[in-house]
Amino acid sequence: MDPECSQLLPALCAVLADPRQPVADDTCLEKLLDWFKTIADAGSSLLLLQENPCLVTLLCPVLKPQDLSPRVLAFLLRLAGILAAQEDCFQHLQGDSSLFVASAAGQLLVHILGLSMQAPAEGHPSLQPAHWPACAQKIVGHIEESLRATATPQVTQALNVLTTMFSHCHDPWTQVLWVHLSPLVACLLEKDPVPAAHSLVDLLLSVARSPVLSSSSCGLWDTLAQTLSRLRASQAGPLALGILKLQECPKALRAQAFAVLLQPLTCVLEATTQAPGLPGSSGPGLQCGVAAIGPVASSEACAGRGGDPTDGELPLAWPPGSVGGTADAPLTAGMLLPSKAACVGLLCQTLAHLELLQPLVSGAPACGGGGGAWPAPTLPLSQPQRPSPWPWAPLLSAAVTILRLCNGSATPTSDTGTHLCAFLAGCVRVQRAALDFLGTLSQGTGPQELVTQVFAILLEYLTSPDSSPTVLKKAFQATLQWLQSSPKPSGGGDLEPHAQLFLRELLPVLPKRLCSPCWDVRDSGLEFLTQTVRRWGGQAGFRHALLASEVPELTEQLLRDPESYVRASAVAAMGQLSSRGLHIIPASPGHPGAQQKSLLEELLHILSTDSEGFPRRAVMQVFTQWLRDSHADVAADTEHFVARVLRVASQDLDWEVRAQGLELALVFLEQTLGQPSSSCPYAMTPPAAAPPSLVAQALQPFCRVQLFDFAFRALFDCDRPVAQKSCDLLLFLRAKTASYSDQQGSSSGPDVASLEAALQRWQAGDQGQPLGDLEPEAVVAVLRSLDLEGLRGALAESSDHAEQSPLSLLQDMLATAGILGENEADCY
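Residues numbered from 1 in each chain as written. Predicted model: local features only at pLDDT ≥ 70, side-chain atom pairs only at ≥ 80, totals over all residues. Heavy atoms only, no water.

Draft legend 1. Representation of the overall build of the chain within the structure. For the chain, the helix and strand inventory stands at 41 helices and four strands. Sorting the 828 residues of the chain into buried and exposed places 50% on the buried side. (Helix = DSSP H or I, 4+ residues; strand = E, 2+ residues; numbered from the N terminus. Buried < 20%, exposed > 50% of the residue type's maximum accessible area, 1.4 Å probe, protein only.)

Okay, here's the thing in structure tokens:
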């Protein structure tokens, strides 16, 4: 510990131990804990206590009742746990309602239990709890009492302690502990309702993920299956998701877990589709393997019909005896979704869980093993796998159905369906979740009829005046995902016919969104336009439809929108339109390029005068891309363009604009001197040097556009990213000019001395005067003399490593208590 910190620590400990003193916030206490943990990890905790006896005094109040605040008590418990992690320090350490305190106490118990079991477990890993050390027996006994308690908070705390234990400790003795305690955990499932259900789910998943326990024959899979059948749907969903993401799990359990996740969507389809076998019945059911789940599944199948236990049937309903239903009375939508709050919450949870499974790779068929004893676990997989075959079409149908229930276009076929329509009508929360899920399903394959339904419902949402701004944003995002995943037609072209038709129908609607009184609607429309132009701006049908609409003209008008976010999005959209030649040029036979020049002037005006940073950043991104792509307006006079942009960007108060200006300067360097050998500025191999003749020729325009003035000034910028960007640029330039530097030899003329003096003034904070005209030889000489590698290393540490040092933290906490003078605190 630094001597300065050691001097302040006793005063801080006195403040923390005094309940009358104001307590620092949780952030300061967390940082203090991190500091102590770093010190303990680097050396001896015992030595820390011996050198700082004030810490021992501080920990004593934990052993006797005090009026300490819950935050300070929790801090002390966690500090004791950190120090107790080392055996030589354990000798120095001998129910609050606050969750913060309870969590800290639980972590301390886990630390002590793990420490007490280290020595005996190493020699006898199968030692039974009755023969464990007295300390460990006492902790286990306390956990047993808590698990038997009738009060839910006690059960919750015990489950949380076990979750922490099995998550962080994977020693063999933890298997013995689970076998010993699992009967008590199983007894919780016999209560109605199951107490501390969420904590129980966390515990079971932590046990299932443990490498010591998941492959053992300790009845874990049976407990998981029983828990799935006993919990309410909203509680079972997270458990089912966790089971499906396990790398090692029996197929039958995976099938049961998947059925739990599919249940709410099945009920939705069932409520809006006629019963199977009746005239007019249509619409896919949720299926897994050969078993139908949903509107096409009979009540017998939903209840789990008998037969060969290996025939692949995946029963839909909850197992007999559960809260959901029995074999004679399968679970219905009315029972699963009894109220609006329950309906909305469960559907959003289900869609979110299935959305997390969608990106996973497909695995072996997950449906099977319907009954009897659990089969042997499958071999460990390299990563979690989603159930296979994945019921893409039924899931897609369910997502579309939910969206139709929300906008009132669904036709219910039962009283439950009517209730669902009332529950979901205009529900923004469900609409957002369903649109997110619909977007993830764009990566699947299925019948064209369903894809047509997807585009139809998306168009309904994009055109409906009832769609909220957040729903519209989600609808635009889902639309873009589906358009991007549309297969290319066999005859060529960028879009298949259905997608082309959809875009032609959407473009006439887009102007209405660009004229919306809600700024976020205008912003979402512009973002969608930018992405579509970037992707399909070269497609003939799209170009024709876009130019026939009012979209380009409205987009240009939005450059002057009162909302800065909209102006920024309009800048990005206009940049794309101009790059693709889709910016409408007014009738001016004598000046065919006048409109593009006016756009350049408009963007320069925004860069120079806009009061908000977002539009100015967007302009710099557009200009950088134009320079990369050799945009016609830029290629006409690249040097003049770069000079104008750098002159404005270098004076901008927004650090991101300055950093983007350096990026544009780097692109200019690369185009003139050649690309760097690696895109990583920290690569070991420097860029190859350019020929001396090329360097001498290129340095002159660099000086004329005042690139060096900007780069050298930015080297000492108060914002670290700007200084880092400048450092990378100058390192690249120094490597490229190495051959020219060798040819020129050493230089120490007046220009070099003047430049070095200016750099020294800038480093000291005086950046008033520009460099003026520079000679290339002076620039090369200064580049060679600068310790750019050392500066880059210093910048890589952190821009605030000094301000957020432990000393600064102690000073701030003492200043809060009034111990230090007001000028002694560093308000980082």
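Draft legend 2. Structural context of the side chain of glutamine 358. Of note, glutamine 358 is situated in the loop between α17 (340–357) and β3 (361–365). Take glutamine 358: its relative accessible area is 6%, and that puts it in the buried class. A distance of 2.7 Å separates a polar atom in the side chain of glutamine 358 from a polar atom in the side chain of tryptophan 390. A distance of 3.3 Å separates a polar side-chain atom of glutamine 358 from the backbone oxygen of threonine 440. Not counting the four nearest positions on each side in its chain, glutamine 358 is found in contact with Arg386, Trp390, Thr440, Leu441 and Gln443. (Polar contact = N/O pair within 3.5 Å; in protein donor to acceptor, adjacent residues only side chain to side chain. Contact = heavy atoms within 4.5 Å.)

Draft legend 3. Representation of the nonpolar core. Ranked by internal contacts, the top residues of the largest apolar core, which has 239 residues, are Leu438 and Phe623. With 11 residues, helix α18 (residues 392–407) is the largest single contributor of residues to this core. Once residues within four sequence positions are removed from consideration, leucine 438 is found in contact with Leu396, Ala399, Val400, Leu403, Val454, Ile457, Leu458 and Trp482. (Core = buried A, V, L, I, M, F, W, Y, C linked by side-chain atoms within 4.5 Å.)

Draft legend 4. Quick peek at the packing of helix α28 (residues 564–579) against helix α30 (residues 613–628). In contact at an axis separation of 7 Å, α28 and α30 are set at 15° when each is read in the N-to-C sense. Considering their axes alone, α28 and α30 lie roughly parallel with respect to each other. The two elements α28 and α30 meet at a crossing, and its hand is right-handed. The segment α28 lies against α30, with Ser564, Tyr565, Arg567, Ala568, Val571, Ala572, Gly575, Ser578 and Ser579 engaging Phe614, Pro615, Ala618, Val619, Val622 and Trp626. When the residues that make up the contact of α28 with α30 are grouped by side-chain class, the tally is 10 nonpolar, four polar and one charged. (Axes fitted to C-alpha atoms, helices over the stretch in contact; angles between N-to-C directions. Parallel < 35°, antiparallel > 145°, perpendicular 65-115°, else oblique. Left-handed = near helix turned anticlockwise from the far one by under 90°. Nonpolar A, V, L, I, M, F, W, Y, C, P; charged D, E, K, R; others polar.)

Draft legend 5. Region of the structure containing unusual backbone geometry. Each neighbour pair has its own omega, and for aspartate 192 with proline 193 the value is 0°, a cis peptide bond. Looking at the element boundaries, proline 193 is found in the loop between α10 (173–188) and α11 (197–209).

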